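Observations on the model geometry
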Amino acid sequence: MAGDAQDTARRLRAVCEELSGRFFERDDVVRTLAVTLLAGQHSLVLGPPGTAKSELARELTGRIDGAAYWEILLSKFTAPTRMFGPIDVAALARGEYRQVYDGRATTAHVAFVDEIFKCSTAALNETLGYLNERIYHPENGGAPIRCPLIGAITASNELPDGEDSAAIYDRLLVRIEVGYLEDPSNFAALVRSAVGRPAAEPAPRTTLELAALQRAVTEGVPAVDVPDAIVDAVVTLRAALRRKELVASDRRWRQAVGLLQASAYLDGRTEVAETDLSVLTHVLWDSPAQRPVVEREVLNLVNPDAREALDLADVIEELEAQLDAMAGQSREALSEWVIKNAHHKLAMAGKRLERLREEAASAGRSTATIDRVTGRQRAVRARVLTEALGVDASMVPTQL
């Protein structure tokens, strides 16, 4: 990889690290959004309100010097002109029909579209054209306008419920689920950050030039080699998912190859490796209920450490369900459950996850899934300490 490409990848990795430090429990989300932009594709962040979806999109785009950013909250009544350019009233008074495109979707390099599935019927075709082909057809019927859009980050609180919104959903290659903070210690840190004093030294703020990102999207990422072994792995994965009755379109599979290349580029590599296949867990499902199935099939293929981590995740989820079921019971009953059941299982899971991460890291395999399960283990452990044993959240250590 050439020096300028290495510098772009290094800067993007630094941006991801800095944003992951600011947005708790969002490491995989941040990296996946960066990979999606590098691939020149669109993403959907699916989750409830108040999970920092728009703030994260603004922060990521704000690290790209020279990039025009546009965002909008859609409703069933949003007119196409509000998205792509309002009518120039002064020109209209002179008998000229023109639109003002500055500051609208038509001039944006990165767009954030909130409540994407509430796109109005009137704006549907233009929105699809914008996402699919990066073009906008002016209201006066003039020549189509080429838009400089690299990628759109979209968000929704719910899945689409109609044919119109389903058409948009199909164009969003990457789908990422987010939720509220799970670890009480992270939540306590979030609260402290809202009332704490400014840091003595400003946090690092790495940026990269828009031109460097554009070169990466159009030249660097497509140049990343895809070995035959990766092609064979993708074919095997497709067959495995079909046996589970999970069928993705040929277009989606083809576009997914660009994500694999972007993942390798971000890591500073010149060819795709098996570890890059983990990004497909955000691509090959239609409903959140299907995502765990896709994840297991991907990890069965490429990452035995992460596969075992998912088995441990089942144990952790069962313990959390037991804790929920014991709500309202006496502190004595909760303490007994902790001593006889939860403490040992959580401790053993934590130690095993630690070893799995060491083994994966030494072998050069992705640790993203292991890190996510480790986060769940710490979150459930913190809940046990705070809710069952009455330990103050601020006293719960973030490490095992």
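Residues numbered from 1 in each chain as written. Predicted model: local features only at pLDDT ≥ 70, side-chain atom pairs only at ≥ 80, totals over all residues. Heavy atoms only, no water.

Concerning the overall build of the protein chain
Note the cut-off: Here a helix means four or more residues in a row that DSSP labels H or I, a strand means two or more in a row labelled E, and each is numbered from the N terminus. Computation of the radius of gyration draws on C-alpha atoms alone. For the globule rule, the value is 2.2 Å times the number of residues to the power 0.38. Throughout this description, buried means an accessible area under 20% of the type-specific maximum (1.4 Å probe, protein chains only), exposed means over 50%, and partly exposed covers the range between. We call two residues in contact whenever any of their non-hydrogen atoms come within 4.5 Å of each other. Using the Shrake-Rupley algorithm and a 1.4 Å probe, accessible areas are obtained, with residue cover drawn only from the displayed protein chains.
Looking only at helices and strands, the protein chain features 15 helices and 9 strands. For the protein chain, whose C-alpha radius of gyration is 23 Å, the value lies close to the compact-globule estimate of 21 Å for 400 residues. Burial status across the protein chain gives 48% buried among its 400 residues. Relative to all contacts within the protein chain whose residues are 6 or more apart in sequence, the contacts with residues 24 or more apart total 74%. Summed over all atoms, the accessible surface of the protein chain reaches about 19300 Å², with 52% contributed by carbon and sulfur.

Here's the deal with unusual backbone geometry
It is generally the case that most residues other than glycine have a negative phi and that most peptide bonds are trans. Here the phi dihedral of E25 falls at roughly 60 degrees; this positive angle occurs in a residue that is not glycine. Locating E25 in the fold gives a position in the loop between α1 (3-22) and α2 (27-38).

Some thoughts on the pattern of salt bridges
So the rule is basically this: A pair is scored as a salt bridge if a Lys or Arg side-chain nitrogen falls within 4 Å of a carboxyl oxygen belonging to Asp or Glu.
All told, the structure shown has 29 salt bridges when counted by the stated rule. The salt bridge involving E55 is made with R22; its shortest N-O contact spans 2.8 Å. Taken together, the positions of E55 in helix α3 (residues 53-62) and R22 in helix α1 put the pair 33 residues apart, joining distant regions of the chain. Close ionic contact of R383 with E387 constitutes a salt bridge, the shortest N to O distance being 2.8 Å. Separated by 4 residues within a single helix, R383 and E387 lie in helix α15 (residues 368-388), roughly one turn from each other. On the accessibility criterion, E387 (39% relative accessible area) is partly exposed.

A short note on the packing of aromatic side chains
We apply this condition: Two aromatic rings, drawn from Phe, Tyr or Trp (for Trp, its six-membered ring), form a pair once their centres lie within 6.5 Å of each other, and the interplanar angle then sorts them: stacked below 30 degrees, edge-to-face above 60, tilted otherwise.
This model, assessed by the stated rule, comprises 4 aromatic pairs. Each ring, one from F84 and one from Y136, has its centre 4.7 Å from the other, and the planes form 10 degrees; the classification is stacked. On the criterion of sequence distance, the pair formed by F84 in helix α4 (residues 80-84) and Y136 in strand β5 (residues 135-136) is long-range, its members being 52 residues apart. Seen from their ring centres, Y101 and Y136 are 6.2 Å apart, and the 75 degrees between their planes marks the pair as edge-to-face. You can see Y101 sitting in the loop between α5 (89-93) and β4 (110-114) and its partner Y136 sitting in strand β5, a full 35 residues away along the chain. Residue Y136 is classed as buried on the basis of its relative accessible area, which comes to 0%. Counting every residue linked through ring pairs, the aromatic cluster contains F84, Y101, Y130 and Y136.

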